[in-house]
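# Report on the structure
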Amino acid sequence: MNISTILDMAAEAFGERVGVVCGETRLSYAELRATAYAAAERIKASGAAYVVLLDVSSPAASVAVFAAAYAGVPYVPINYRLTADEINALVERASPAYLITSGELRDKLAPRDDLTVVDRADFLAARAGEDAVPTEVGDDPRAVAVQLFTSGTTGKPKAAILRHENLMSYIVGTVEFAAADEDDAILVTVPPYHIAGISSVLSSTYACRRVVQMPNFDAAGWLRLCRDENVTNAFLVPTMLARIVEHLAATGETPELPRLRALAYGGGKMPLSVIQQAVRLFPNVDFTNAYGLTETSSTIAVLGPDDHRAALQSDDPYVQKRLASVGRATGAVEIQIRDEDDGVLGPDQAGYVFVRGPQVSGEYKQQGSQLDADGWFPTRDRGWLDRDGYLFLEGRADDVIVRGGENISPGEIEDVLLSHPAVADVACVAMPDEQWGEAVAAAVVLKDGAQASADELQALVKGQLRSSRVPQSIVFKDALPYNETGKLLRRLVRQEFATPD
Amino acid sequence: MAMTALKPGARFKSAVSDAQVMVIKAPAGEHELSCAGVAMLAGADTAPDGVQADAADSGETLIGKRYVNEDESLELLCTKGGAGTLALDGTPLEIKQAKQLPSSD
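Residues numbered from 1 in each chain as written. Chains lettered and ligands numbered in written order. Predicted model: local features only at pLDDT ≥ 70, side-chain atom pairs only at ≥ 80, totals over all residues. Heavy atoms only, no water.

## Concerning the nonpolar core
Residues and elements named next belong to chain A. If you look at the biggest cluster of nonpolar residues, it comprises 104 residues, and the most contacted ones within it are Tyr75, Phe123, Trp222 and Leu263. Take this core: its biggest share by element is 11 residues, from helix α3 (residues 59–71). Here Phe123 is in contact with Thr35, Ala39, Arg42, Ala60, Val63, Ala64, Ala67, Tyr98, Ile100 and Val118, once residues within four sequence places are set aside. (Core = buried A, V, L, I, M, F, W, Y, C linked by side-chain atoms within 4.5 Å. Buried < 20%, exposed > 50% of the residue type's maximum accessible area, 1.4 Å probe, protein only. Helix = DSSP H or I, 4+ residues; strand = E, 2+ residues; numbered from the N terminus. Contact = heavy atoms within 4.5 Å.)

Next comes the structure, spelled out in structure tokens:
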């Protein structure tokens, strides 16, 4: 089993179809394969044990995933926004390497004897001949296909390992081969080092859907690219969708994207107000919310277009609420909720989210497998399943506020605060409290020119939730700290409230 | 191919057409995979001289389709299409119905 089969099949069935577009560059599946073949030979000749990508999104990222697979070594895309020291520490953990980079990013690399550094343009320049087939492509399902460093919001980044069997199970289990129409195109804005960046290459290649890459996101540029490339599908992280919604509200523009059919979002918590506005702004677009983790080879639960419509049209609050869920398990995996003592919980009972299935690797290079004896992976997310299996997330287990023994999810308080017309963004975190151990604190960003007092916001929470949920301390900020893929850095927010007043 | 253990990841090709498959899931023990009535070939094996497809088999194996036996203990992915019906130990395999998911990535 080898993920390079995905590209072989696309090139076999639709060799002439354009597989990837980035700026002026367009590569067909046959060209992608010929480029990956040639790259694989050079990777093998270099003696590298890893293929590292230190670069923004480009066709080199698509080629590198498959070239590494043909060459039989792991593909390791690295976050190019890290500092030089951080990058070099990760490169050391993925050496000897064949490293693809470009421009100024190259200057961040410390010289090493066991690095073969190649410029992106050179990497993409060579093509194998018509009949050149790579020699001895491995078929060991347990071989490592991808190694991804987790974002490390709580410490040293961990090297998550995805084996060929994990990724192939994910693709074969959730995507229909050649399901895309000739004119379909997906706009990809996630960076190559994000699991969604990798799964989009694999999913779209298997579906034979053209990928349009956008290396640097901005709302106006996204709308323009959607129109110019006749984009039919797109994936966005919540902050990107929020910026598109804000941009449209600020300019009063109506998005004219008749070809756009489907918008998928995921990678973080979507504020209810953003998705409600987005559904109004794009009335003819199908919305899908996807939930997944690096360690699960991407998506494990999906809130599909029909689920969105059912929630928006229902009179039943229980069904309406599902707009804030991440949907149901895909069918390729099982999901379970457990309590502190690993007891399995029933519907509507909150606890820890566990997942099981062939796409779930749950494995780190240094720490080993995190699966239990029955193959279940602890996601460290908290949440619950409703009576029909819709999964609601409360946040990371580490983010829960424990006030006097009561577990408080920051998400429910944030949702109430975001419903205030003056509030643009908010994060609730634990702050030390002598009486309760921990108490609720909130960092609030107000909309431009809008006003709201701490008293007013506290009263709002008190009116809708229990008094234990009322933020004891509220600070007003110009912006909240996010990482580059839109993940809120709660650790930094907590530091604001680190010492009791 | 005589009776062989079928391991996930292993690839087989038809002896009489272009069809190729990859094993996704396999039952324990030794089995025989065939295409158009002729045993499939593993790895670098070449077709024995004079083998011929079962003339009565008008089936086609389609790229991207998954093929399963009755209890779904065997699952193959067709990675290259070609003439001939796939069979496990003489029993024809069926196409596994896809569960179409909304595109999420």
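## Concerning the packing of helix α1 (residues 4–14) of chain A against helix α7 (residues 195–207) of chain A
Residue and element names in this part refer to chain A. Orientation of α1 relative to α7, taken along the N-to-C sense of each, is 30°, at an axis distance of 8 Å. The angle between α1 and α7 falls in the class roughly parallel. Crossing hand, α1 versus α7: left-handed. Counting all contacts with α1, which are made through Ile6, Leu7, Met9 and Ala10, the residues of α7 involved are Leu202, Thr205 and Tyr206. In the contact of α1 with α7, the residues fall into six nonpolar, one polar and no charged. (Axes fitted to C-alpha atoms, helices over the stretch in contact; angles between N-to-C directions. Parallel < 35°, antiparallel > 145°, perpendicular 65-115°, else oblique. Left-handed = near helix turned anticlockwise from the far one by under 90°. Nonpolar A, V, L, I, M, F, W, Y, C, P; charged D, E, K, R; others polar.)

## A look at the sheet that holds strand β10 (residues 75–80) of chain B
If you trace the six strands from one edge of the open sheet to the other, you get β7-β2-β3-β10-β9-β14 (chain B), paired in antiparallel fashion. Since the sheet does not close on itself, it has two edges, and those belong to β7 (41–42) and β14 (94–95) of chain B, each with one partner. As paired elements, strand β3 (residues 20–25) of chain B and β10(B) share five bridges and run antiparallel to each other. Following the sheet pairing, Val21(B) is matched in β10(B) by Cys78(B). Relative to the sheet, helix α6 (residues 164–174) of chain A contacts β3, β9 (66–68) and β10 of chain B, its axis offset from that of β10(B) by approximately 85°. (Pairing = 2+ DSSP bridges.)

## Concerning the packing of aromatic side chains
Residue and element names in this part refer to chain A. Tallying each qualifying case throughout the model produces five aromatic pairs over all chains. An angle of 70° between the planes, with centres 5.0 Å apart, marks the rings of Tyr37 and Tyr70 as edge-to-face. In this pair, Tyr37 sits in helix α2 (residues 29–46) while Tyr70 sits in helix α3, placing the two residues 33 residues apart along the sequence. Of the two residues examined, Tyr37 and Tyr70, each falls in the buried class. Summarising the aromatic geometry, the rings of Tyr80 and Tyr193 are spaced 5.6 Å apart at their centres and angled 75° between planes, so their arrangement reads as edge-to-face. (Phe/Tyr/Trp six-rings, centres within 6.5 Å; stacked < 30°, edge-to-face > 60°.)

## Digging into the pairing of strand β5 (residues 97–101) of chain A
Residue and element names in this part refer to chain A. Taking burial as the measure, the five residues of β5 include five buried ones, the bulk of the element. Of the two faces of β5, both are covered, the one formed by Ala97, Leu99 and Thr101 as well as the one formed by Tyr98 and Ile100. In terms of strand pairing, strand β3 (residues 50–54) meets β5 through five bridges, oriented parallel. Following the sheet pairing, Val52 is matched in β5 by Leu99.

## Topic: the environment of Leu225(A)
All names here are of chain A. In this structure, Leu225 sits in helix α8 (residues 219–228). Overall, Leu225 belongs to the partly exposed group, its relative accessible area being 22%. Leu225 sits 118 residues away from Asp107 along the chain, and the two C-alpha atoms are 30 Å apart. Not counting the four nearest positions on each side in its chain, Leu225 is found in contact with Leu187, Val212, Gln213, Met214 and Val231.

## Structural notes on the pairing of strand β14 (residues 298–303) of chain A
All names here are of chain A. For β14, the tally of buried residues reaches six of six residues, placing the bulk of the element in the interior. Here five bridges tie strand β13 (residues 286–293) to β14, and the two strands are oriented antiparallel to one another. When the bridges of β14 are listed, Leu293 appears paired with Ser298. Counting the residues between successive antiparallel strands, the hairpin from β13 to β14 contains four residues, one of them, Ser297, with a positive phi of roughly 55°. Here β14 runs beside strand β15 (residues 328–329); their pairing, made up of two bridges, is antiparallel. Counted as the bridge partner of Ala301 is Ala329 from β15.

## Considerations on the domain arrangement of chain A
How big an interface is tends to be stated in terms of accessible area lost as the parts join. All names here are of chain A. The domain architecture assigned to chain A consists of domain 1 (4–216), domain 2 (292–398) and domain 3 (400–496). Centre-to-centre, using C-alpha coordinates, domain 1 lies 40 Å away from domain 3. In this complex, domain 1 contributes seven residues to the contact, which on the side of domain 3 involves six residues. For the pair domain 1 and domain 3, the interface holds zero salt bridges. Between the two partners, domain 1 and domain 3, sit zero residue pairs in polar contact (both at pLDDT 80 or more). Within the side of domain 1 that touches domain 3, the residues separate by chemical class into two nonpolar, four polar and one charged. (Domains from an automatic or database assignment. Salt bridge = Lys/Arg side-chain N within 4 Å of Asp/Glu carboxyl O. Polar contact = N/O pair within 3.5 Å; in protein donor to acceptor, adjacent residues only side chain to side chain.)

## Re the confidence of the model for chain B
Scored by pLDDT, chain B comes out at a mean of 90, with 92% of its residues at no less than 70. Per-residue pLDDT, averaged within each element of chain B, yields its smallest value for strand β1 (residues 4–5) of chain B (88) and its largest for strand β12 (residues 86–88) of chain B (97). (pLDDT = per-residue confidence, 0-100.)

## Here we look at the interface of chain B and chain A
Residue-level contacts link 24 residues of chain B with 35 residues of chain A. The interface formed by chain B and chain A holds one salt bridge in total. Lys65(B) is the partner of Glu176(A) in a salt bridge, and the nearest nitrogen-oxygen pair spans 3.5 Å. Our count for the chain B to chain A interface comes out at three residue pairs in polar contact (both at pLDDT 80 or more). Residue contributions to the side of chain B that touches chain A peak at five residues, all from β10(B). Of the residues contributing to the side of chain B that touches chain A, the split by class is 11 nonpolar, six polar and seven charged.

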